[in-house]
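Fold and geometry: a report
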Amino acid sequence: MTWMLALGVAAIVSAGVYLALSRDLLRCVVGVSLIAAAANLVVFASGRPGDPSPPVIPPGGDVLAAGAAPLPQALVLTAIVIGFSLTCFSLVVVLAIKQRTGVNDSHALRAAEPHALSDGAPPLEEEDDA
Amino acid sequence: MIALLLSPILVPLVTALSTSLLAARPVAQRRLGLVGITAFFACAAALLAHVATEGTLRASMGGWPAPFGIELVADPLGAAMVLITALMGASALVFQLSDADAAPSAPSLEPLVHAMLAAVSGAFLTGDIFNLYVWFELMLVSSLGLLAYRTATRQLDATLKYFVLNTVGTLLLLVGIAYLHAATGHLGFGALSEAARDHDALRLAPFVVMVALAFLVKAGAFPLYAWLPASYHTLPAPLLALFAGLLTKVGVYALLRVLGGVFVLTPSLVFEALGWVAAATMLFGVLGAAYHWDVRRILAFHIISQIGYMLLGIALASREGHVGTVFYVIHHIVVKANLFLIAAIIFRHTGSYDLRRSGGLYAVRPGLAALFAIPALSLVGIPPLSGFWAKLLVVRETLAQGRWGLAAIALFVGLLTLYSMAKIWFGAFWKKHPDEGWRPAEGAHLGPAYLATGALALVTLYLGLAPEGLVRLAELASAELVGGPR
């Protein structure tokens, strides 16, 4: 089970990093949310999934010795919820940028950090357009 | 006592909720926000007074005893950081009453500010590493809201870049926590620190480094700081002061907590590497600042540079180094936020943040020039201001450990910091305004702005003239740090 999860995490992280390094804004954001999904799988895997014995801590102990730990499953729920909301937010931001400027290339997106002036001096500050 | 421990989280959280209910009534909302921040400040002050005299406060949520439940811990370090958070929130909200680059009013503004304050004090008070991750995420969510609420293209651009790099940082933290949990079976700081003693330090090191790397992203350390100068300058002044004062410092705090306390047994190679990361952070931050002419961008790069000094204190891995870091963090929060607020007053008078388009203020506003000089010289580290003691504590310990290279870089960066501050001084105050007919803004409503910046300057002066109190607090904080809070 752990090996299967590990292979899955490896595949998803590679896909996520590949997309996140893209200059296309939408691909970049989707890549980040794929990496988030892989991170959630790692949290899930930390709880020894697949062990069928009951998750009971023996009297006097403070660590679960056998069985799938329920705690990481609770943790991963928290992480999924936060990750999902952030994915939605980032998609809206990308769509708004695309609609407003027509730009979909992270290199061309220089609204916050304009290019240097022609003589190499730092750019003058930009005013808000809204 | 549980109420006292919880109050710095609950009060801003309740304020955030109740101000969002008043979204349709901006005046009432703003008043409630001021009441909320006053209550937050009072609770934070009471908490620090209690912790300083009676010792560390702790409580387990839901009555589950450690190591099973989530613990909240207010040790001297956490309580001091909460008080400084409340001070920052109060100055930003008071400054917001002026018209110097104040944040345009919006229904979501007050709730987001208070939610961010709640998240920051939650991060300072938690005794559980997963809970710390959740507070980091809350901080990220509310700061994204504050970055994007004005929805101009440059803010959205900044938001996107801030989002991508910070999210990668939080994901790294989440994965590191998962590995630590898999290796030790614990999440609480105290239990983790005990479990780490029974483990081979080398085996845990990769996971600890992963978590530390995540905190370095959050702190804006070299080479992962690109998100900070790409986004901060698009914020209005009071929010910028809040971000600049608090957010990166939460990363430094978490790093100090983890590397200086919980996993103090991490192999020394990690601390050696951190020392050089700190040096590169100082150097590259200050060099970035040297290029720019926009005051906000100069100051944003200086945040990075100053983070280097704080990391250096952690990298020294000694009691004295930790004392230096704690002192540095508290001094820096006050000074940095104040500089951004004063930059907004300069903007109000000269009409530009760009030093090529401003000037002439010394002749007409000598008081403002003096007000600027206090935090600026403190940032450089001129005695007797607070920055001098902060640098003294860090550099003295660096020299005591015989790390001459690191100490030389730290002192050299101080010199370059002086260059930047002199640039702002000449650009905004000393030289003539490029526009011949320029007059300082008439009818500017700056009373609250001067109140906030003046109060912060007084704090800087006080810390400079009487540093013993804060040094003693920093010593108390670092004494409780090692071995994790228990």
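Residues numbered from 1 in each chain as written. Chains lettered and ligands numbered in written order. Predicted model: local features only at pLDDT ≥ 70, side-chain atom pairs only at ≥ 80, totals over all residues. Heavy atoms only, no water.

The next point concerns the interface of chain B and chain A. Contacts between chain B and chain A engage 50 residues on the former and 49 residues on the latter. Surface buried jointly by chain B and chain A totals about 4000 Å² across both partners, of which 69% is contributed by carbon and sulfur atoms. Of all residues in chain B, the largest losses of buried area upon contact with chain A belong to T153(B), R154(B) and L160(B), amounting jointly to 15% of the total for that side. Where chain B meets chain A, there are one salt bridge. Between R297(B) and E113(A) there is a salt bridge; the shortest N-O distance is 3.3 Å. Joining chain B to chain A, the criterion identifies eight residue pairs in polar contact (both at pLDDT 80 or more). Going through the elements one at a time, α5 (129-148), α6 (153-184), α9 (227-231) and α12 (295-315) of chain B are the ones with two or more residues in the side of chain B that touches chain A. At 20 residues, α6(B) tops the list of elements feeding residues into the side of chain B that touches chain A. When its residues are assigned to classes, the side of chain B that touches chain A shows 27 nonpolar, twelve polar and eleven charged. (Contact = heavy atoms within 4.5 Å. Buried area = accessible area lost by both parts, 1.4 Å probe. Salt bridge = Lys/Arg side-chain N within 4 Å of Asp/Glu carboxyl O. Polar contact = N/O pair within 3.5 Å; in protein donor to acceptor, adjacent residues only side chain to side chain. Helix = DSSP H or I, 4+ residues; strand = E, 2+ residues; numbered from the N terminus. Nonpolar A, V, L, I, M, F, W, Y, C, P; charged D, E, K, R; others polar.)

Moving on, we come to the packing of aromatic side chains. Pairs of aromatic rings are described using the distance from one ring centre to the other and the angle between the two planes. All names here are of chain B. Within the structure shown, the criterion is met by 18 aromatic pairs over all chains. Between F130 and Y133, the ring centres sit 5.3 Å apart and the planes meet at 45°, which makes this aromatic pair tilted. Of the two residues, F130 and Y133 both sit in helix α5, three residues apart, roughly one turn of that helix. On the accessibility criterion, F130 (6% relative accessible area) is buried. On the basis of relative accessible area, Y133 is assigned to the buried category, the value being 1%. Here F372 and F429 contribute two aromatic rings whose centre-to-centre distance is 5.3 Å and whose plane-to-plane angle is 35°, an arrangement assigned as tilted. With F372 in helix α15 (residues 366-380) and F429 in helix α17 (residues 404-430), this pair connects stretches of sequence that are 57 residues apart. Every member of this aromatic cluster is reached through a ring pair, and the members are Y362, F372, W425, F429 and W430. Geometry around W293 places K423 over its ring, the cationic atom sitting 4.9 Å from the centre. (Phe/Tyr/Trp six-rings, centres within 6.5 Å; stacked < 30°, edge-to-face > 60°. Buried < 20%, exposed > 50% of the residue type's maximum accessible area, 1.4 Å probe, protein only. Lys NZ or Arg CZ within 6 Å of the ring centre and 35° of its normal.)

Distances and angles like these do not, on their own, reveal function.
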